[in-house]
There are 2 protein chains.
Amino acid sequence: MSLDPARMIPMANAIRALSMDAVQKAQSGHPGMPMGMADVATVLWSNYLKYDSSAPDWADRDRFVLSAGHGSMLLYSLLHLSGFAHPTMEEIENFRQLGSPTAGHPENFLLPGVECTTGPLGQGLAMAVGMAMAERHLNAQFGDELVDHRTWVIAGDGCLMEGLNHEAIGLAGHLKLSRLIVFWDDNQITIDGSTDLSTSENVRARYEATGWFVNQCDGHDYADIARAIEEALAEDRPALIACRTMIGYGAPNKQGTAATHGAPLGADEIAAAREELNWNAEPFQIPDQIRGEWHSAGARCREQRSEWLARLDASDQKAELERRMAGDLPEGFSLDEFVAGLVREPQKVATRKASENALAVINNRLPETVGGSADLTGSNNTKAGDLGDFFADNRAGRYVYYGIREFGMASAMNGMALHGGVIPYGGTFLVFSDYCRPAIRLSALQEARVIYVMTHDSIGLGEDGPTHQPIEHLQSLRAIPNLLVMRPGDAVETAECWDVALQQKKRPSVLALSRQGLDQFRTEVAEGNQCAHGAYRVKEAEAERRVILIATGSEVGLALACAKDLESCDIGADVVSMPCAELFDEQSPAYRDNILPNVGPDEVLRVSIEAGTTFGWERYTMLNGLRIGIDTFGTSAPAKDAFEKFGFTSEAIVPKILAKLEA
Amino acid sequence: MSLDPARMIPMANAIRALSMDAVQKAQSGHPGMPMGMADVATVLWSNYLKYDSSAPDWADRDRFVLSAGHGSMLLYSLLHLSGFAHPTMEEIENFRQLGSPTAGHPENFLLPGVECTTGPLGQGLAMAVGMAMAERHLNAQFGDELVDHRTWVIAGDGCLMEGLNHEAIGLAGHLKLSRLIVFWDDNQITIDGSTDLSTSENVRARYEATGWFVNQCDGHDYADIARAIEEALAEDRPALIACRTMIGYGAPNKQGTAATHGAPLGADEIAAAREELNWNAEPFQIPDQIRGEWHSAGARCREQRSEWLARLDASDQKAELERRMAGDLPEGFSLDEFVAGLVREPQKVATRKASENALAVINNRLPETVGGSADLTGSNNTKAGDLGDFFADNRAGRYVYYGIREFGMASAMNGMALHGGVIPYGGTFLVFSDYCRPAIRLSALQEARVIYVMTHDSIGLGEDGPTHQPIEHLQSLRAIPNLLVMRPGDAVETAECWDVALQQKKRPSVLALSRQGLDQFRTEVAEGNQCAHGAYRVKEAEAERRVILIATGSEVGLALACAKDLESCDIGADVVSMPCAELFDEQSPAYRDNILPNVGPDEVLRVSIEAGTTFGWERYTMLNGLRIGIDTFGTSAPAKDAFEKFGFTSEAIVPKILAKLEA
């Protein structure tokens, strides 16, 4: 360990220089945080963080999360200086420019070494909780020899003020995640000015109340930073280290003020900072000696990694760990047999229950699943198979009691998925997808295989009423890029959708499941996974086809009833089940045209039936088609009454179709 | 004050009996909480709460918020027993049935006395914070004689575990809202079982860390409950009273367990509870003496109200207070002159800046506006006009520094709007509408006039990149019922949209505003507020009309540029600005048909241009129209480069239109 200021100061100043110069050149960005936290980051990356800049994908590396993602230049500087292949200096010079991996906020899909995408406040820290959970869980499964690392976080006041922080630290404290250490950039400044404007909280007391070890240090004193870290390492709890820092440290006239937070310092102030910091190099030039120090920091654990590789090679768990970290399912994994069994013995069952039945099979075959629920275990039916509970004293357990923390759960799942080695799924009511929506978005953006089990997916939940009845949720989720929204209509489709979700290595899924029992319509053996096509014909018109009914989930059965009534009037009607619109859109034009031929409503009327908003259904019905849905809030009533009130019966729908056909 | 158990126990047992019987009859609902908190509620409603059951709309009443809304039978029992006109006993017998105001969760629009809709956990308490803010603010404006009341909350573990709780109590503690008293139903049970499963938090320490007074009591001991309340009343801070209770108190075999939380007790257990509680009345029968005690509780403050009415009559502020509580704007309020001035002197300005300019006028004319931002004041441009800051030592101030608490801000605004007397507006980035989406939904459901100022409304924000660039947000918000989403395209439209938002007495609005400067296209005097139509023609085709370009916000200018290029090819193009799709949908068929004639693309091609997802735009373009949008996540780059990359230039769009016309 070396904390000699003569070595450390120039290393930290290299971060400061790159940060202020890159922001200045881009005329956009946040110099204040990187300059303020440069000393803490230098201590961490040169003495404590276990990483090898030549191997960003080393499975047993420590995870470093810059939760305060706006300070992205801190991370880009660290990656560049310590010798990662990217960002190159040219890429740093192109900070925030089109096509450069040095995006305004760190994006995990652009740059190895960026463990997760941060910027939306609070989520980095909350994802780190998930990473720390995954680490302890894999440690329990693979042992100290193969899995033994830490998760480090730099967070700012914004991360701590967000509500999510309460959920994340509550979970981490309860689970005693001692491998998690958070540095709080305690600079007493937010965008609006002094933190006094909006908060009077005793942050340390709050963290202590939640089971954390809390320490503090002078964020510009290397020895003090190291002392605080050492003390945190000795604890058996997660640790918060309050680093008293000065935002924009080194900019003599602006440091300590909100002016350094989110704007370039300006040429004059940068010149003054160069003088203040005794930094004589030109912009984007790093003196050789400093670069050398940083490169040795980045190579510090190279031997440790070699030893780990040797242990891995010697281990009989090598193949399994590699498979799990690669995110591959076990060879030959298939639910075909399970589906075939369902087809043989049709059942009337809620799809949430069908999901539980599928999970009982999946969880026993896939050791990598980690399930849970935000305090709705019995309602979401998420606990199935031989999981065991994940507690502080049982890290091998695979079921997490997340508590009433939807957003915390979703963020932790993001962290687990990005850590790798596990496939997280977790449940809440579909209506409360709103509570974790920012994390769902981040699952999609980060290409993380997280599976959301969202039950009680319509007014069919009945008496709980409009606060609990999703209306806009399905369509709002479908509007998010790179997210599969799947709404199966019976037990077979539920199993098929689970299969699809598990196969998505780079895409999250939402499974929207019914509270109420649904008849099974898939009673014949099919070739392959029908739901993988997104939409498919479950019934072909018998009379001349005049209508195509497109339905999802619990409304597929209703569509079949409507079709029967139409056929009895000699009006031929296809029924198309559309469990996943996104997947349907990805099919070949020929496939799509076969299911939904491009002819006008005079020839074939398209009718959508979904117990949610009609908003957006024009994509499949055409504007002049018919959309059966609900464009107001729901109502508190038994499910049957609610469905009747909103016209979800064959008796209400068929006349509308007939009227439209005659119009 | 009377706390005599001989009087209180039967009063409390009346709540228990109604709750268990109503849930049993409905075969649905939550008996555990009402039975557990019946004693606390009885002390509050018979001795402390300032209300008059004959006048639920008394402006100076205390506000009571059942944050744990699943325990709705507690509130329905209290309203019924204390003599409110509703719910009647018949309505209680119809608990959770179609059309009854006794919905599964309390709905403010169904039942006077229900101050806000609760059920989505955490939001009741967070709205109560806003009510307490409104009360102190109006007190500063109208004096102790007219405004002098408290806000009381019953919350459960769910409310406290939600992240929102951290934001809400942080704000309340910082603002020293001593008129806010929260009873925590500390029964150590959640749906999944013991709270030990998921939390180890010291709740009291956390509240103390945030500036709250924390007290505790035995929730089944009337004297102890009153003592705890008295001590809380003496404090100059918001207060949490931890009430140690037994869930399902009185059900001898199930009390204290999760089994009482969300399911009927069953006939046997109810019979046993009747015995245990010594409650001999038939279901839905209340003995006369007990009803008499409750009626006198409900009339306890009737004289106090008469005195208040006398003071009001004598006050020269009577008309103003009544106007403000009725939610009416001042007579003759109009922005017409301001708009006329803008038309006379066109300017290129970001719509966020145009919003600031409009607010400078609005805030100086409307004393009821209360503005704020979640730590983005300078970016949201929300501080304008002569507001003053709302701080603990300046209750008259009208600008709130909400801190980095988007959800807390939105919930507080809901509470303020529902309290009445103020019109709250608050800002964050549009992408972070996700963080407060559950509260936006509740604004809409509750019919609350809250105005969301959401700036940085597209990839046009530039360098901050995909985490900050809204893609799906406009459409996701438009999918919410009873919410106006407005995206003005220049300074004139911005002022018009503000006018529309202010006029909505029962509807929230989202104003989506640009970061970047926009040319003013509204340069001619128009008759009336054009944006009030939702969509209108800003340019008429010159050549024969072949195209209608439909655009919103920053893309209206682009549409005009495209139209110019099309006209130069002798292709006539209308340009329709659609600042508010919801309002357009409400126009007469004749109006809509004039703007978007119902003819096929062969005749007139409809093209939408919006820098967000194309999802849902088929409603206006028809399926065979053209949709210019972004169906992936954004990119970090200067705005101009980002727009070019995603094809938002006339050069990119016009060829697509020409190709479509030729196809």
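Keep in mind the model is a prediction, meaning the values are calculated, not measured.

Undergrad: It is not clear to me how the interface of chain B and chain A should be interpreted in this structure. Could you clarify?
TA: The parts lose accessible area when they come together, and the size of an interface is often stated as this lost area. Contacts between the two partners involve 99 residues from chain B, matched on the other side by 98 residues from chain A. Where chain B packs against chain A, one counts eight salt bridges. With a shortest N-O distance of 2.7 Å, Arg441(B) and Glu472(A) are connected by a salt bridge. Looking at which element gives the most residues to the side of chain B that touches chain A, the answer is helix 18 (residues 437-446) of chain B, with six residues. Tallied by class, the residues present in the side of chain B that touches chain A amount to 37 nonpolar, 37 polar and 25 charged.

Undergrad: Help me out: how do you make sense of empty space enclosed by the protein in this one?
TA: Empty space among the atoms becomes visible once a probe the size of a water molecule is rolled across them. Using the criterion set out here, one finds 12 cavities of 30 Å³ or more in the structure. Within this model, the largest cavity holds a volume of roughly 130 Å³. Around the largest cavity, the lining is made up of 16 residues, and of these Leu164(A), Phe407(A), Tyr435(A), Phe407(B) and Tyr435(B) lie nearest the centre. Residue assignment for the lining of the largest cavity shows that the elements contributing at least two residues are helix 7 (163-174) and helix 17 (406-419) of chain A together with helix 7 (163-174) of chain B. Of the residues that constitute the lining of the largest cavity, the class distribution is eight nonpolar, two polar and six charged.

Undergrad: Explain the relation of the copies chain B and chain A here, please?
TA: Superposition of the two copies of the chain requires a rotation about an axis and a shift along the axis. With an RMSD of 0.0 Å, chain B superimposes on chain A once it is rotated by 180° and translated 0.0 Å along the axis. As the rotation angle and translation indicate, the two copies are arranged about a two-fold axis. By residue overlap, the copies meet face to face through one surface: 99% of the interface positions of chain B are interface positions in chain A.

Undergrad: Looking at this model, I keep getting lost on the pattern of salt bridges. Mind explaining?
TA: All chains considered together, the criterion is met by 84 salt bridges over all chains. Between Glu463(B) and Arg515(B) there is a salt bridge, with its nearest N and O atoms 3.8 Å apart. Here Glu463(B) is found in the loop between strand 12 (451-455) and helix 19 (473-478), whereas its partner Arg515(B) is found in the loop between strand 14 (509-512) and strand 15 (517-518), with 52 residues between them in sequence. By sharing partners, the salt bridges in this structure join Glu135(A), Arg136(A), Asp148(A) and Arg179(A) into a single network.

Undergrad: What am I meant to see in the sheet that holds strand 1 (residues 63-66) of chain B here?
TA: In sheet architecture, strand pairing relies on hydrogen bonds along the backbone and comes in two forms, parallel and antiparallel. Residues and elements named next belong to chain B. Taken together, the five strands give an open sheet; going across it, the order is 1-2-3-7-6, and neighbouring strands pair in parallel fashion. At either margin of the open sheet sits one strand with a lone partner, and together these are strand 1 and strand 6 (213-218). Averaged over all neighbouring strand pairs, the angle between strand axes comes to 20°, with direction disregarded. When strand 1 meets strand 2 (residues 151-155), the two strands line up parallel, connected through four bridges. Along strand 2, the bridge assignment pairs Leu66 with Ile154.

Undergrad: Whenever I open this one, the sheet that holds strand 6 (residues 213-218) of chain A confuses me. Can you help?
TA: Residues and elements named next belong to chain A. The five strands are arranged 1-2-3-7-6 in an open sheet whose pairing can be described as parallel. The outermost strands of the open sheet, each flanked by one partner alone, are strand 1 (63-66) and strand 6. In this sheet, adjacent strand axes meet at a mean angle of 20° when their direction is disregarded. In the sheet, strand 6 pairs with strand 7 (residues 239-244) via six bridges, with the strands oriented parallel. Note that in strand 7 the partner of Phe213 across the bridge is Ala239. Contacting strand 1 and strand 2 (151-155), helix 3 (residues 72-81) crosses the sheet at an angle of about 145° to strand 1.

Undergrad: Honestly, the packing of helix 7 of chain A against helix 17 of chain A in this entry has me stumped. Any pointers?
TA: Relative orientation and spacing of two packed helices are given, respectively, by the angle between their axes and the distance between those axes. Residues and elements named next belong to chain A. Running from N to C, helix 7 and helix 17 cross one another at 65°; their axes reach a closest spacing of 8 Å. Classified by the interaxial angle, the pair formed by helix 7 and helix 17 is roughly perpendicular. Along this stretch, helix 7 crosses helix 17, giving a crossing that reads as right-handed. Contact residues: helix 7 offers Leu164, Glu167 and Leu171, while helix 17 offers Glu406, Phe407, Gly408, Ser411 and Ala412. For the contact of helix 7 with helix 17, the residue count by class is four nonpolar, two polar and two charged.

Undergrad: Please clarify how the environment of Lys25(A) should be interpreted in this entry.
TA: Structurally, the position occupied by Lys25(A) is in helix 1 (residues 5-26). Dropping the residues within four chain positions of it, Lys25(A) is found in contact with Glu93(A) and Phe284(A).

Undergrad: Looking at this structure, how should I read the packing of aromatic side chains?
TA: In this description, a pair of aromatic rings is defined by centroid distance and the angle of the planes. Residues and elements named next belong to chain B. Within this structure, the stated rule accounts for 38 aromatic pairs over all chains. Plain terms: the ring middles of Tyr48 and Trp152 are 6.5 Å apart, the flat faces sit at 50° to each other, and that makes the pair tilted. Placement of Tyr48 in helix 2 (residues 32-48) and of Trp152 in strand 2 is noted, with a sequence separation of 104 residues between them. For the residue pair Tyr48 and Trp152, the accessibility class agrees, reading buried in each case. When the centroid spacing of 5.3 Å and the interplanar angle of 75° are considered together, the rings of Tyr399 and Tyr401 count as edge-to-face. Taking the relative accessible area as the measure of exposure, Tyr399 reaches 0% and is therefore buried.

Undergrad: Would you mind showing me how to read the pairing of strand 3 (residues 180-186) of chain B here?
TA: Walk down a regular strand and you will see the side chains alternate between the two sheet faces. Residue and element names in this part refer to chain B. A large share of strand 3 lies buried, amounting to seven of its seven residues. Here strand 3 shows a buried face lined by Leu180, Val182, Trp184 and Asp186 and a second buried face lined by Ile181, Phe183 and Asp185. The pairing of strand 2 with strand 3 spans five bridges and is parallel. Each bridged residue has a counterpart across the sheet, and for Ile154 the counterpart in strand 3 is Phe183. Bridge analysis of strand 3 against strand 7 (residues 239-244) gives six bridges, and the strand direction is parallel. Of the residues in strand 7, the one forming a bridge with Ile181 is Ala239.

Rules used throughout
Residues numbered from 1 in each chain as written. Chains lettered and ligands numbered in written order. Predicted model: local features only at pLDDT ≥ 70, side-chain atom pairs only at ≥ 80, totals over all residues. Heavy atoms only, no water. Contact = heavy atoms within 4.5 Å. Salt bridge = Lys/Arg side-chain N within 4 Å of Asp/Glu carboxyl O. Helix = DSSP H or I, 4+ residues; strand = E, 2+ residues; numbered from the N terminus. Nonpolar A, V, L, I, M, F, W, Y, C, P; charged D, E, K, R; others polar. 1 Å grid on protein atoms, 1.4 Å probe; cavity = no way out; pocket = protein on both sides within 12 Å on 5 of 7 lines; lining within 4 Å. Points joined across faces, edges and corners; volume = space filled by probe spheres on them. Least-squares fit on C-alpha atoms with pLDDT ≥ 70 in both. Pairing = 2+ DSSP bridges. Axes fitted to C-alpha atoms, helices over the stretch in contact; angles between N-to-C directions. Parallel < 35°, antiparallel > 145°, perpendicular 65-115°, else oblique. Left-handed = near helix turned anticlockwise from the far one by under 90°. Phe/Tyr/Trp six-rings, centres within 6.5 Å; stacked < 30°, edge-to-face > 60°. Buried < 20%, exposed > 50% of the residue type's maximum accessible area, 1.4 Å probe, protein only.

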